[in-house]
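So the chains spell out like this:
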Amino acid sequence: QVQLVESGGGLVQAGGSLRLSCTASRRTFSGNRMHWFRRAPGKEREFVASIGWDGISTNYADSVKGRFTISRDNAKNTVYLQMSSLKPEDTAVYYCKAAAYWGQGTQVTVSS
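Being a predicted model, the structure only gives us computed values, none of them experimental. Each chain has its residues counted from 1, following the order in which its sequence is written. Selection of residues for local features in this predicted model requires a pLDDT of at least 70, selection of side-chain atom pairs for listing and counting requires 80 or more, and totals for whole chains, interfaces and linings are taken over all residues. Calculated side-chain values reflect all of the structure's heavy atoms, with hydrogen atoms and water omitted.

K.L.:
Give me the lowdown on the side chain of Asp90, citing residues and values where you can.
P.N.:
Following the sequence through the fold, Asp90 ends up in the loop between β8 (78-83) and β9 (92-98). The rule is simple: take the accessible area with a 1.4 Å probe, protein chains only, and divide by the maximum for that residue type; under 20% is buried, over 50% is exposed, in between is partly exposed. You can call Asp90 buried: its relative accessible area is 1%. We call two residues in contact whenever any of their non-hydrogen atoms come within 4.5 Å of each other. Excluding its chain neighbours within four sequence positions, the residues that come into contact with Asp90 are Arg38, Arg67, Phe68, Ser85, Val108 and Val110. Runs of H or I in DSSP of at least four residues are treated as helices and runs of E of at least two as strands, each being numbered from the N terminus.

Given below as structure tokens:
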């Protein structure tokens, strides 16, 4: 069964940090590149970061480079997004993606 479950969202002040987690079923996680996307209010969903199965190959949107770090623990079928120096414009629902499958999202709100 395909399952992607995000957690770790919440309310944080500008400049603060949060760590998002996404745990997938073994079938969904194994061998797949994992992605984080986000959708801000009134905007389309946009790419945030991705990481290869090796945990080394990473990509980031320009807007988060130097502030966000993606990582994964293959033994736990989990991908993380460490977010630091958060800005109000980072406010969005954050989604995990593997292959064609999406999680339900977790809300991140950054107050100014």
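K.L.:
Pulling in residues and values, what's your account of the sheet that holds strand β1 (residues 4-7)?
P.N.:
Spatially, 4 strands are ordered β1-β3-β8-β7 in an open sheet, and the strand pairing comes out antiparallel. Two strands bound the open sheet, and with one partner strand each, they are β1 and β7 (68-73). Each strand of the sheet is rotated relative to its neighbour by a mean of 15°, with strand direction disregarded. Here, any two strands with at least 2 DSSP bridges between them count as paired. Lines fitted to C-alpha atoms define the axes here, with helix axes fitted over just the stretch in contact, and angles between the N-to-C directions of these axes take values from 0 to 180 degrees.

K.L.:
Go over the nonpolar core, please, and point to the residues and values.
P.N.:
Core analysis: the largest hydrophobic core is formed by 27 residues, its most contacted members being Trp36, Val79, Leu81, Met83 and Tyr94. Elements represented by at least two residues in this core include exactly β3 (18-24), β4 (34-39), β5 (46-51), β7, β8, β9 and β11 (106-111). With residues up to four places along the chain from it excluded, the contact list for Tyr94 reads Glu6, Leu20, Trp36, Phe37, Arg38, Val48, Phe68, Leu81, Met83, Gly105, Thr106 and Val108. Take the buried Ala, Val, Leu, Ile, Met, Phe, Trp, Tyr and Cys residues and link them wherever side-chain atoms come within 4.5 Å; each set so joined is a nonpolar core.

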